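Descriptive analysis of the structure
Here is how the chains run, residue by residue.
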Amino acid sequence: MSVRVSLLGLDLGGRRVVAVGGGPVSARRVLDLVAEGALVTVVSPDLCEELAEAVEEGRVDWLARPYAGPADLDEAWLVHTATGRPDVDDRVAADAEASRTFCVRAGAPAHGTARVPARGTVATNDGTLQVAVYAGGDPRRSVAARNAALDHLGSGTVDLRPRRPRRRGWVALVGAGPGDEQLVTRRAATLLAQADVVVTDRLVPPALLEALPADVRVVDVGKTSGSHPVPQQEINRILVEEAGRGRAVVRLKGGDPYVLGRGGEERLACEAAGVPVEVVPGISSAVAVPAAAGIPVTHRGLARGYTVVTGHEDLPALPTGGDHTVVVLMGVATLRRTASLLVEHGRAPSTPVAVVESGCTPQQRVTVGTLADIADRAEEVGVASPAVVVVGDVVTLAHAAAGRAPLATDRTPPVAHAIPAGAVA
C-alpha cells in the first residue's frame, strides 16, 4: 500500500531537532539542518569526523551516550534516527510517534513519519530557489528527477524573475563569450533568466537577446571604432539608476567583462553607489577566437606565453621572439600601425600573423600573412571588425596556414589566405 506524503517547507530556525546516531548518514542530515538554522542535539556515544568538528565549533550539541528513551526527545520539533541498529531506530521512531513528533527513520523510511526528499537549489539573486522531489521511496528515481529539474531551471529557458516586488535591485556584469550563444556559462544563463533590464554591447550573440521574455528591457550601449554614442560614464549611470529602482540588471558584454571590457570600472561605480554587483566571467575572445581558427595561444615548442593588448593604443614593449604570442583586440583600424610598431620593437617582418573575423560564428573568416604584408592582405579582402589579431609562430598551426579545413562544426568554413611558402622561418 502506497503512502501519501505531503511535501512541506518546514521552518526549523531556532527550533530543537534531535539526531540519534553519530555516523556519516547523521552527519549529512545534521549539517543540512544546522545550515537551515535548527538547534541540533546529537545523541550518540561516538561521532564521525564531520560531526565531531561541528561539535567542537559549537554548531551542534552532543549527548555522549546511547539513546536513553523518550526524555531525549523532549521539546524536539523533529527527530532523525540513523544508529545502524534497527532495534534502536525502531524504538526512537516509536517514542517520537508517541510524543507526536515527526521522525525520519533513515534506512527504513516507511517506519518513520517524515521523509527526506532529494533536494537541490538554484542560486538566484532574489533568494535561493529550492527544489524537492519525492518518488515514493525510490531515492535514485528522486535524485534523477531532481537533477533534471535543476538542469532545466539553470538552463536560462525558464523565466526566474520574482512575481513580487524585489527588496532591492542588483547588477551582474556578465561575459557573453566570443560569439556563439552556446558558449555562455550556466551562471550567465541563470542571471539572464532573472533580468528585468539587459544593458548590452554590440558583440553579444543576438540569440541571447532574442531568447529574453518580451517585457525585458534591452538597452543597447554598443560601441564601434571611433563611435561611442553612449559614453562609459553614462553606462555606469544607467546601471546604478536601474538597480536603484529595484530592478535586476544584467550588463551583458562580449567575451569577458574584465578583459579589455571596462568591467572593472562598472563594478567600482556600482559599489560606490551601494549597489550589489556580481561579476560572471565569460570565455574571452582573446583565447577562444584564435582557438576556433586552429591557433593555440601557447603550444609546446612554439610559444611559452602570450600577451593580450588593445589596438586602440600604441603597443608597449613586449617580448620580441616568435615564441611569445601577441593577441590584439579591437585592432583592425590600427592594424598597419600595430604591425609597424612590432617590427620597430624587434619582431622579424616575417613573423606570422592571423586576423580572425567574427570568430566562433558562421561568418568566421581567417586572413593570414606576416607582419610585412598583413595590413595589405587585410585591405585587399576587406577585413572588418569584430576581429582578433594573433601574432607569433603559433599562427603556423592555423587551419588556414596549413591548408587544412577547420574541425567539424556547424559553422561555414572560413575563407583562408595561406602564408606564402618560405615566409615563415
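Residues numbered from 1 in each chain as written. Predicted model: local features only at pLDDT ≥ 70, side-chain atom pairs only at ≥ 80, totals over all residues. Heavy atoms only, no water.

1. Focus on the sheet that holds strand β8 (residues 170-175)
This is how it is decided: Two strands qualify as a pair provided DSSP detects at least 2 bridges between them. Strands are runs of DSSP state E lasting at least 2 residues, helices are runs of H or I lasting at least 4, and numbering of each runs from the N terminus. For every element, the axis is a line fit to its C-alpha atoms; helices are fit only across the contacting stretch, and the angle between N-to-C directions ranges from 0 to 180 degrees. The contact criterion used is simple: two residues touch if any of their non-hydrogen atoms lie within 4.5 Å.
In space, the 5 strands of this open sheet follow the order β10-β9-β11-β8-β12, with parallel pairing throughout. Each having just a single partner strand, β10 (217-220) and β12 (277-280) make up the two edges of the open sheet. Averaged over all pairs of adjacent strands, the angle between their axes in this sheet comes to 20 degrees, without regard to strand direction. With 4 bridges connecting them, strand β9 (residues 197-200) and β10 associate as parallel partners. Within β10, the position partnered with Thr-200 by the bridge is Asp-220. Of the strands in this sheet, β8, β9, β10 and β11 (248-253) touch helix α7 (residues 232-244), which is tilted by about 155 degrees from β11.

2. Quick look at the packing of aromatic side chains
Note the following rule: Stacked, tilted and edge-to-face are the three classes applied to pairs of Phe, Tyr and Trp rings, where Trp contributes its six-membered ring and a pair requires centres within 6.5 Å; stacked means planes under 30 degrees apart, edge-to-face means over 60, and tilted covers the rest. Ring-over charges, as used throughout, are those where CZ of Arg or NZ of Lys falls within 6 Å of the ring centre and within 35 degrees of the ring normal.
Here the structure, examined in full by the defined rule, presents 0 aromatic pairs. The cationic tip of Arg-15 hangs over the ring face of Trp-77; the distance from NZ or CZ to the ring centre is 4.7 Å.

3. A short note on helix α11 (residues 374-381)
Cut-off, in case you're wondering: Only protein chains enter the calculation, and the probe is 1.4 Å; a residue is then buried if its accessible area is under 20% of its type maximum, exposed if over 50%, and partly exposed in between. Note that the arc is defined by the directions from the helix axis to the C-beta atoms.
Within α11, burial applies to Ile-374, Ala-375 and Ala-378. Angular distribution of buried residues about the axis of α11 spans 100 degrees; they occupy a single face of the element. Residues of α11 that are buried in the fold lie against α10 (335-344), β15 (352-357) and β16 (365-370). Once α11 ends, the next one or two residues include Gly-382, with phi positive near 75 degrees.

4. Remarks on unusual backbone geometry
Cis geometry is adopted by the peptide bond preceding Pro-386, which originates at Ser-385 and carries an omega value of 0 degrees. By the secondary structure assignment, Pro-386 is in the loop between α11 and β17 (387-391). For Met-330, which is not glycine, the phi dihedral falls at a positive 55 degrees. By the element assignment, Met-330 lies in the loop between β14 (324-329) and α10. The phi dihedral of Ser-358 is positive, around 45 degrees, even though this residue is not glycine. Among the secondary structure elements, Ser-358 is positioned in the loop between β15 and β16.

5. Brief notes about the packing of helix α1 (residues 24-35) against helix α2 (residues 49-56)
We count it as follows: For this classification, under 35 degrees means roughly parallel, over 145 means roughly antiparallel, 65 to 115 means roughly perpendicular, and everything else is oblique. Polar here means any residue outside two lists: the nonpolar Ala, Val, Leu, Ile, Met, Phe, Trp, Tyr, Cys and Pro, and the charged Asp, Glu, Lys and Arg; Gly therefore counts as polar.
Running from amino to carboxyl end, α1 crosses α2 at an angle of 40 degrees, the nearest separation of the two axes being 8 Å. In terms of their interaxial angle, α1 and α2 are classed as oblique. Touching Ser-26, Ala-27, Val-30 and Leu-31 of α1 are Glu-50, Leu-51 and Ala-54, all from α2. For the contact of α1 with α2, a count of residues per class yields 5 nonpolar, 1 polar and 1 charged.

6. A word on α10
All of the buried residues in α10 are Leu-335, Thr-338, Ala-339, Leu-341 and Leu-342. Along the long axis of α10, the arc covered by the buried residues comes to 165 degrees, so they all point the same way. Structurally, α10 contributes buried residues whose contacts are with β14, β15, α11 and β17. Phi turns positive one or two residues past the end of α10, at Gly-346, with a value near 120 degrees.

7. Here we look at the environment of Glu-265
Definition in use: Polar contact is defined as a pair of N or O atoms within 3.5 Å, subject to the rule that within protein one atom must be able to donate a hydrogen and the other to accept it, and that residues adjacent in sequence are counted only when both atoms are side-chain atoms.
Looking at the secondary structure, you find Glu-265 in helix α8 (residues 263-272). The partly exposed category is assigned to Glu-265, whose relative accessible area is 35%. Remark: the alpha-carbon pair of Glu-265 and Gly-120, spanning 145 residues in sequence, is separated by 35 Å. Those residues in contact with Glu-265 that sit more than four places away from it in its chain are Gln-232 and Asn-236. At a separation of 3.0 Å, a polar atom in the side chain of Glu-265 contacts the side chain of Arg-262.

8. Some thoughts on the confidence of the model for the protein chain
So the rule is basically this: Every residue gets a pLDDT, meaning the predictor's confidence in that residue, from 0 to 100.
Per-residue pLDDT for the protein chain averages 90, and the proportion of residues at 70 or more is 92%. Ignoring residues within four places in sequence, the model shows residues 405-425, a span with pLDDT below 50, making 40 contacts including any to other chains.

9. Regarding the pattern of salt bridges
When their charged atoms lie close together, side chains carrying opposite charge are able to pair. Formally: A pair is scored as a salt bridge if a Lys or Arg side-chain nitrogen falls within 4 Å of a carboxyl oxygen belonging to Asp or Glu.
A complete count under the given rule lists 30 salt bridges for this structure. Between Arg-186 and Asp-151 there is a salt bridge, with the nearest N and O atoms lying 3.0 Å from each other. With Arg-186 in helix α5 (residues 186-192) and Asp-151 in helix α4 (residues 139-153), this residue pair connects regions lying 35 residues apart in the sequence. A residue is classified by how much of its surface remains accessible, and Arg-186, at 45% relative accessible area, is partly exposed. The exposure class assigned to Asp-151 is partly exposed, which follows from its relative accessible area of 44%. A single network of salt bridges, built from pairs that share partners, joins Arg-217, Glu-234, Arg-237, Glu-241, Glu-242, Arg-245 and Arg-247.

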